[in-house]
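One letter stands for each residue in the lines below.
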Amino acid sequence: MVASDRKYTKDHEWVLAEGESATVGVTEYAAHELGDVVFLELPEVGTVVAQGEAVGTIETVKSVEDLFSPVGGEVIAVNEAVLDAPETVNQDPLEAGWLFKVRIEDRSEMDELLSADDYDALIGG
Amino acid sequence: MTDDTPLRTTPLTAWHRDHGARMVPFAGFEMPVQYRGVLAEHAAVRERVGLFDITHMGEILANGPGVEAWLDGLCTNRVAGLPDGKVVYTAMCRPDGGVLDDMLIYRLGREDWLIVCNASNHDKIAAWVAGRAAGVAGVALDDASDRTAMIAVQGPEAAALTGRLAALAGSADALDALEFYTAFALPRPGGRWIVSRTGYTGERGYELYVPYADALPLWEELLALGGDLGVEPIGLAARDTLRFEPAYCLYGHELSEDWTPLEAGIGWAVRLKDREFVGREALQRQKDAGPPRRLVGLEVTAPDAAGRDRPAPIARQGAPVFCGDAPAGVVTSGTKSPTLGRSLALALIDAGCDPADLSVEIRDRRHPVRVVSYPFLAARVKGDPRAAR
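Definitions and limits used
Residues numbered from 1 in each chain as written. Chains lettered and ligands numbered in written order. Predicted model: local features only at pLDDT ≥ 70, side-chain atom pairs only at ≥ 80, totals over all residues. Heavy atoms only, no water. Helix = DSSP H or I, 4+ residues; strand = E, 2+ residues; numbered from the N terminus. Rg over C-alpha atoms; globule rule 2.2 N^0.38 Å. Buried < 20%, exposed > 50% of the residue type's maximum accessible area, 1.4 Å probe, protein only. Contact = heavy atoms within 4.5 Å. Core = buried A, V, L, I, M, F, W, Y, C linked by side-chain atoms within 4.5 Å. Polar contact = N/O pair within 3.5 Å; in protein donor to acceptor, adjacent residues only side chain to side chain. Phe/Tyr/Trp six-rings, centres within 6.5 Å; stacked < 30°, edge-to-face > 60°. Lys NZ or Arg CZ within 6 Å of the ring centre and 35° of its normal. Salt bridge = Lys/Arg side-chain N within 4 Å of Asp/Glu carboxyl O. Axes fitted to C-alpha atoms, helices over the stretch in contact; angles between N-to-C directions. Parallel < 35°, antiparallel > 145°, perpendicular 65-115°, else oblique. Left-handed = near helix turned anticlockwise from the far one by under 90°. Nonpolar A, V, L, I, M, F, W, Y, C, P; charged D, E, K, R; others polar.

A. Region of interest: the overall build of chain B. Counting secondary structure elements, chain B contains nine helices and 19 strands. Relative to a compact globule of 389 residues, whose C-alpha radius of gyration would be 21 Å, chain B shows 21 Å and is just as compact. In terms of overall dimensions, chain B has C-alpha extents of about 65 × 50 × 45 Å along its principal axes. Per-residue burial for chain B yields a buried fraction of 57% across its 389 residues. Put simply, 66% of the contacts in chain B that link residues at least 6 apart link residues at least 24 apart.

In structure tokens form, the structure reads like this:
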């Protein structure tokens, strides 16, 4: 069962809303499927992103995947620590391995995301 | 091969599936790309010992009194005059010098030879050697690929592990005496094994050629015998990072029909003097004129504002290389070296360009690179396998 305190996307990202801030990361399922993460590109603080926009990349030994912003708004923080230690994404994807935070522009976008139950079903949990 | 051609299996395919391997199509085979994870598997081979199922490789037996001279006429490296038991790394080229494949040639006896080619080129090489052997007296070819399994045992503990095999109990002296790039044949009830001190990881290691029926018992015996040595199975992903660090060429990356072995950095496996072989004239001409391209080692750098190196993106195969603003070549292989922790690449670039002025384009952005010598990591295939690098 996946963490029930947050929402999910079909791209295997999680979103934790706290006030007007949404913290974004990749799911444990994604971290496992991707394998060893060796490099991340994250959006710059201050960038305004749209829901579903490709805002960065996550690179493993064998592949490169896009990172998407699950909600639109201004990027207000990025996790500098994971840029220097990308393996944190594999070790602790739900907490220390968070990637970036967005100031939520339109709350209704959160409602379009998958619930924990829906995401669990998506990954065959 | 069409998309609906069923993938071929090896005698170990079911074992891989049953033991958590992620399976992928590779050169027409269903092969394990990883078990525990590429970094853990890579470290296991560098520090302990790993097992590889490389049954997908092609094995073509060549027998007869005419083989030695005939085969020498196909190989860039000299195979005529080898002693029994010697193994040679070579390329076979087209008349224009383009590389058909790189391979190992075994002289097991005067009239007993083995050609071991890449799985991806097996059909091409089988057809090439058959065509070149047509009408040649004293050359009989037997493609043994679909009955010969190949298991590689690689790492500092490979010698200790291989020496424990029951089948080798009577061959302890031969195994001890086996030098790098030599091999011996071992008669077995189900057909001979070939024990070869070779590999493609940069570590001490052995490659064992056995009949299909012997493969699974051998694999399981190696795992059972090597528990205290930390043995584990290794997938294709780590096989690639392991060959990359010592900068061993991989066909489809550094080697291609579109350029020559001289450009690809395996000029040491091209012997032009006093020989005739397919491609020799073209290679001699290129050597005399100077190869137009060369293989270089690159490190992608990502200094921050304070000049501190941060993790850099990987320049993967196909990434364009620039010299100043002019296109200068292309990356052939690149990864973050698991042992060194650096973003490294091999690239084929115009011979004339200034190495101080190179950059690489990754996802539409230019990144600075510095030229670094290769091998990136020294092989320790000879001498003490546990020696510091």
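B. Spotlight on the nonpolar core. Grouped together as the largest cluster of nonpolar side chains are 56 residues, with contacts concentrated most on Tyr89, Leu104, Tyr106, Leu114, Val116, Tyr209 and Leu255 of chain B. Elements with a contribution of two residues or more to this core: strand E4 (37–41) of chain A together with helix H2 (38–47), strand E5 (86–93), strand E6 (99–109), strand E7 (112–117), strand E9 (148–154), helix H8 (236–244) and strand E17 (343–350) of chain B. Aside from chain neighbours lying at most four places away, what touches Tyr209 of chain B is Glu59, Leu104, Tyr106, Leu114, Val116, Thr148, Ala149, Met150, Arg192, Trp193, Ile194 and Ser196 of chain B. Listed in part, the 31 residues of the second largest apolar core include Val49, Leu168, Phe184 and Trp219 of chain B.

C. Looking closely at the side chain of Glu263 of chain B. Residue and element names in this part refer to chain B. Within the secondary structure, Glu263 is located in the loop between H8 and helix H9 (280–289). Using a relative accessible area of 2% as the deciding quantity, one classes Glu263 as buried. A polar contact of 3.4 Å, which involves the side chain of Glu263, links it to the side chain of Gln286. Among all residues touching Glu263, those that are not within four sequence positions of it are Gln286, Pro291, Pro292, Arg293, Arg294, Leu295 and Leu348.

D. Looking closely at the packing of aromatic side chains. Residues and elements named next belong to chain B. Taken as a whole and judged by the stated rule, the model has eight aromatic pairs over all chains. On the numbers, 5.5 Å between centres and 75° between planes, the contact of Trp15 with Trp219 is edge-to-face. One end of the pair, Trp15, is in helix H1 (residues 13–18); the other, Trp219, is in helix H7 (residues 212–225), and 204 residues separate them in sequence. The same class applies to Trp15 as to Trp219, namely buried. An aromatic cluster is present here, built from Trp15, Tyr35 and Trp219 joined pairwise through their rings. Over the ring of Trp193 we find Arg188; its NZ or CZ atom is 5.0 Å from the centre of that ring. Positioned over the ring face of Phe322 is Arg366, at 3.6 Å from the centre of the ring.

E. Main features of the pattern of salt bridges. Tallied over the entire structure, the rule returns 40 salt bridges over all chains. The salt bridge involving Asp240 of chain B is made with Lys62 of chain A; its shortest N-O contact spans 3.8 Å. Of this pair, Asp240 of chain B sits in helix H8 while Lys62 of chain A is found in the loop between strand E6 (54–60) and strand E7 (64–68), placing the two residues in two different chains. You can call Asp240 of chain B partly exposed: its relative accessible area is 22%. Take Lys62 of chain A: its relative accessible area is 46%, and that puts it in the partly exposed class. For Glu263 of chain B, the salt bridge is made with Arg293 of chain B, and the minimal N-O distance between the two is 2.9 Å.

F. Spotlight on the packing of H2 of chain B against H8 of chain B. All names here are of chain B. It is the contact of H2 with H8, at a shortest axis distance of 9 Å, that shows an interaxial angle of 55°. On the basis of the axis angle, H2 is oblique to H8. Classified by chirality, the crossing of H8 by H2 is right-handed. Residues Val38, Glu41, His42, Val45 and Arg46 of H2 form the contact with H8, whose participating residues are Ala237, Ala238, Thr241 and Leu242. When the residues that make up the contact of H2 with H8 are grouped by side-chain class, the tally is five nonpolar, two polar and two charged.

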